[in-house]
Amino acid sequence: MLTKKPPALQSFLSLVSRRASHLARQQYDVIIVGGGHAGTEAAAAAARVGAETLLVSQKIQTIGALSCNPSLGGVGKGQLVKEVDALDGLCGRAGDWAGIHFSILNRRKGPAVWGPRAQLDRQRYREFIQSELLSTPRLTVLEGSVEELLVSEPNPEEPGHHRVTGIRLANVSHPISASSVVLTTGTFLSGSLFMGQSTSPGGRIGDAPSSAGLSQTLRETLGLRTGRLRTGTPPRIVKDSVDLSLANVHPPDSHPTPFSFLNTHTHCKPEEQLPCYLTYTTPGVERVVRESIHLNCHIQEDAKGPRYCPSIESRVLRFPGRQHQVWLEPEGVTSDLLYPQGLSMTMPPDVQLRLIREIPAMHRAEIHTPGYGVQYDFVCPTQLSPALQVKSTQGLFLAGQINGTTGYEEAAAQGLWAGVNAARWALSMPAMALSRTESYIGVLIDDLVSRGVTEPYRMFTSRAEFRTSLRPDNADLRLTLKGFEEVGCVSTVRYQEAVRVRDSLQDALAALQALALSTHSWRKKLPDMRMSENKNALLTGMDVLQYNDVSFEMLASAFPECFSPHMEFSQRLKIEAVYRPHCNLQKKEIERIQKEENMSLPQDINYLSLPVSLSQEVREILDRVRPSTLGAATRLQGMTPAAIVHLLNYVRHTGRKERRTRRDKPDRKEERKAAQSATNASLPQ
């Protein structure tokens, strides 16, 4: 099933609100500020949960735009896309519609760390996202710039020092009220653009930064700790000016793998996919960087840049004398531009041209749009709860680069979860959290709120302790059922499909387990299988499927009556068989971790005067971050094993004391009843 073709951009623009005066209402459940990957997922998720939602973006035309690289997914990032899709998010289906080059990265390793990835057509992706928003019930889109947050006294029955009640738009007198607000400002929060020695306000070339009043509200009114980060983007190259014969061609996978569990194929046919090209830097590139470093003020700034997607200047200065990869990636089916992945740079435009022409394939290249750097404010994410709500401010949620992350996929994952919880807050429903034992989204959020960031955060499979269980292939079974039954963000159609898949896989696994033969019989049935002649045991179909040279198709051919009905899930069954022993071992560890994760720490606890043996440093860490669970406390930088033990004992002791108190309460009631009866008996009749 592939979503129908989205309407043209003009159709979207004509059907959304362009000015605040056109709004049919001035009161919403949830307001989303920002229309990037975090904002679009947040808006759609909040509306799916049931909240009347308003999405405010500075430019309606750029909603869903791919601001930097025209790609989605990758190692660790592809897992996030699959999980967002499993929770009925947008980006997976958008990737299937807009993809023009699909590949699975890390195929030489196990399926748990495969990285689904696609090059995207920029225009197709943007149009798909806008089409989805247009067709989402309870969602309104408004063009405008948010001047400030409206803040009032908190609800005394909820934790927090402030309460957000809505927003005020620039050049608009009347406010727009809401029960909760999600900020997804990306690089626009006090953003500055850098190119050579020139700088100008903005979060993306051609767009203005967010209002200074918004940053002021966060810092001064709400008292949030903020920092400064930087990123950059490479120049866009005119495709016809590049000699691609001098680069190594990298074709896509012959059979594209969709991101979405709802899709069996991609919009782009296999034969219509476009290749990518690989080339390398030369000593001339390094020479140009060193000669022009005095002309580059961005690279000399103190703000931290992305470690895993550094500028070419940072690469050369950090690793002198090395060749560096440069991927030439198409920007669309009809686009005449190439995106040089690996050449992010902020030097003057004329120097950028000199640099790229030092690479043989681009010795006559022309630049369409020069590269530039961006610096922007972010909020230290340890001030957030696992629901992505600001702990000190009721109803305020943050998602995306404002939390110190980098990448579309990380932003989309946070946006979805912040949108879910913003809607649940507005509808007086309890907050939801995802554990790091059940999802990469849980790992991402836990890392942010527990550890914070010192540089832009990027997801890797190595960040997940239980990655053999958190695979791309089983994200639907891990999250879709929960998303429908507990969270409320999954449609009935997707839920029914997930239930069908779950039941079918269970039937197939039962059939594999039920078929048990001797090794001699297996060798006769599968003569190509490499099984030791000395081995003499009874093996099930599940055991045999764990062999590297045995596929489910082989079993179905040998036992068609048992396995042919389950061919739809052949790859998933193979992966399930390979990882079953590992997952069984991890299950016990997960159960132990979950007990620790779920041990709540009171949010009103006074760590500075807690009557346990804790160092002053540990007390200050706990008081500043205020982790919601003991598991979150264990991952705080600076926490010692001894401190965790003391905290554990305190929580257990407090819990036992509270349980004793609750048990004693009925006894006191009985005492009061007996006293009242005695009093009544002594009164004259």
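Right, let's walk through the structure included here. Remember, it's a predicted structure, so these values are computed and weren't measured experimentally. (Residues numbered from 1 in each chain as written. Predicted model: local features only at pLDDT ≥ 70, side-chain atom pairs only at ≥ 80, totals over all residues. Heavy atoms only, no water.)

With respect to the overall build of the protein
So, step 1. When helices and strands are tallied, the protein shows 21 helices and 23 strands.
So, step 2. Counting over 685 residues, the protein shows a buried share of 56%. (Helix = DSSP H or I, 4+ residues; strand = E, 2+ residues; numbered from the N terminus. Buried < 20%, exposed > 50% of the residue type's maximum accessible area, 1.4 Å probe, protein only.)

Some thoughts on the environment of L262
So, step 1. Relative to the assigned elements, L262 resides in the loop between β14 (248-250) and β15 (276-280).
So, step 2. Sequence separation between L262 and R494 is 232 residues, and the spatial gap between their C-alpha atoms is 7.2 Å.

With respect to the pairing of strand β11 (residues 198-201)
In the case of a regular strand, side chains alternate between the two sheet surfaces.
So, step 1. Here strand β10 (residues 192-195) pairs with β11 via four bridges, running antiparallel. Bridge assignment links S192 to a residue of β11, and that residue is P201.
So, step 2. Counted between consecutive antiparallel strands, the loop separating β10 from β11 contains two residues, among which G196 sits at a positive phi close to 65°. (Pairing = 2+ DSSP bridges.)

A look at the packing of helix α3 (residues 77-86) against helix α12 (residues 475-487)
To characterise two packed helices, one gives the angle between the axes of the helices and the distance between these axes.
So, step 1. Two numbers describe how α3 lies on α12: the axes approach to 8 Å, and their chain directions differ by 35°. Along this stretch, α3 crosses α12, giving a crossing that reads as right-handed. Here K82, E83 and A86 of α3 come into contact with α12, specifically with A475, D476, R478, L479 and T480.
So, step 2. For the contact of α3 with α12, the per-class residue count stands at three nonpolar, one polar and four charged. (Axes fitted to C-alpha atoms, helices over the stretch in contact; angles between N-to-C directions. Left-handed = near helix turned anticlockwise from the far one by under 90°. Contact = heavy atoms within 4.5 Å. Nonpolar A, V, L, I, M, F, W, Y, C, P; charged D, E, K, R; others polar.)

Description of α12
So, step 1. Between the first and last C-alpha of α12 there are merely 15 Å, a value that for 13 residues lags more than 12% behind the 18 Å anticipated at 1.5 Å per step.
So, step 2. Listed as buried for α12 are A475, D476, R478, L479, T480, L481, K482, G483 and V487.
So, step 3. G488 sits one or two residues past α12 and shows a positive phi near 90°. (Expected span 1.5 Å × (residues − 1).)

Here's the deal with the sheet that holds strand β5 (residues 115-120)
Whether parallel or antiparallel, the strands of a sheet pair through hydrogen bonds between backbone atoms.
So, step 1. The three strands are arranged β3-β5-β4 in an open sheet whose pairing can be described as antiparallel. Two strands close off the open sheet at either side, each with one partner strand: β3 (71-73) and β4 (99-105). Averaged over all pairs of adjacent strands, the angle between their axes in this sheet comes to 20°, without regard to strand direction.
So, step 2. Taken together, the three bridges between β3 and β5 define a ladder with antiparallel strand orientation. What sits directly across from S71, in β5, is Q119.
So, step 3. Against the sheet, helix α4 (residues 91-98) contacts β3, β4 and β5, and its axis sits at roughly 115° relative to β4.

Structural notes on the nonpolar core
So, step 1. Membership of the largest hydrophobic core comes to 112 residues, with the highest contact counts inside it found for I31, I167, L183, L218, L396 and W417.
So, step 2. Residue contributions to this core peak at eleven residues, all from helix α10 (residues 408-426).
So, step 3. Those residues in contact with L183, other than ones at most four positions away along the chain, are V33, L149, L214, L218, L396, F397, L398, A399 and I402.
So, step 4. Counting residues in hydrophobic clusters, the runner-up holds 27 residues, among them L515, Y547, F552 and L573. (Core = buried A, V, L, I, M, F, W, Y, C linked by side-chain atoms within 4.5 Å.)

As for the packing of aromatic side chains
So, step 1. Summed over the entire model, instances satisfying the criterion amount to six aromatic pairs.
So, step 2. Pairing W97 with F128 gives two aromatic rings, centres 6.4 Å apart and planes at 35°, and the pair type is tilted. Of this pair, W97 sits in helix α4 while F128 sits in helix α5 (residues 122-134); the two residues are 31 residues apart in sequence, bridging distant segments of the chain.
So, step 3. Owing to a relative accessible area of 8%, W97 belongs among the buried residues under this scheme.
So, step 4. Judged by its relative accessible area of 2%, F128 is buried.
So, step 5. Judged by centre distance (6.3 Å) and plane angle (85°), the rings of F559 and F563 are edge-to-face.
So, step 6. Accessibility expressed as a relative area gives 0% for F563, which makes it buried. (Phe/Tyr/Trp six-rings, centres within 6.5 Å; stacked < 30°, edge-to-face > 60°.)

A few points about unusual backbone geometry
The general pattern is negative phi for most residues beyond glycine and trans for most peptide bonds.
So, step 1. Non-glycine residue D88 carries a positive phi angle of around 75°.
So, step 2. Along the chain, the position of D88 falls in the loop between α3 and α4.
So, step 3. Despite not being glycine, L388 has its phi angle at roughly 70°, a positive value.

Quick notes on the environment of T437
So, step 1. With respect to the element layout, T437 can be found in the loop between α10 and α11 (440-451).
So, step 2. Given a relative accessible area of 5%, T437 falls into the buried group.
So, step 3. Once the C-alpha coordinates of T437 and L470 are considered, the two residues, 33 residues apart in sequence, prove to be 8.0 Å apart.
So, step 4. Here S435 takes part through its side chain, which lies 2.7 Å from a polar atom of the side chain of T437. (Polar contact = N/O pair within 3.5 Å; in protein donor to acceptor, adjacent residues only side chain to side chain.)

A word on the pattern of salt bridges
So, step 1. Overall, the coordinates contain 34 salt bridges when judged by the stated rule.
So, step 2. For E576, the salt bridge goes to R580, with nearest N and O atoms at 3.7 Å. Note that E576 and R580 are positioned in helix α18 (residues 570-597) at a spacing of four residues, about one turn of the helix.
So, step 3. What makes E576 partly exposed here is its relative accessible area of 21%.
So, step 4. Residues joined in a network through salt bridges with shared partners are R436, D446, D447, R451, E465 and R635. (Salt bridge = Lys/Arg side-chain N within 4 Å of Asp/Glu carboxyl O.)

Side note on the sheet that holds β11
So, step 1. With respect to topology, four strands assemble into an open sheet ordered β11-β10-β19-β12, the strand pairing being antiparallel. Edge positions in the sheet fall to β11 and β12 (226-233), since each of these pairs with one other strand and no more. Strand-to-strand, the axes of this sheet are offset by a mean angle of 25°, without reference to chain direction.

Focus on helix α19 (residues 616-625)
So, step 1. Among the residues making up α19, those that are buried are V618, R619, I621, L622 and V625. Angularly, the buried residues of α19 cover 160° about the axis, an arc narrow enough to put them on a single face.
So, step 2. Where α19 terminates, the next one or two residues include R626, which has phi positive at roughly 50°. (Arc of directions from axis to C-beta.)

Comments concerning the side chain of S450
So, step 1. Summarising the element assignment, S450 is placed in helix α11.
So, step 2. If we skip the residues at most four places from it in the chain, S450 touches T382, V625, A632, R635 and L636.

Some thoughts on the environment of W425
So, step 1. Residue placement: W425 occurs in helix α10.
So, step 2. With 246 residues separating them along the chain, W425 and S179 place their C-alpha atoms 7.6 Å apart.
So, step 3. Dropping the residues within four chain positions of it, W425 is found in contact with E158, S179, S180, Q389, Q394, G395 and F397.

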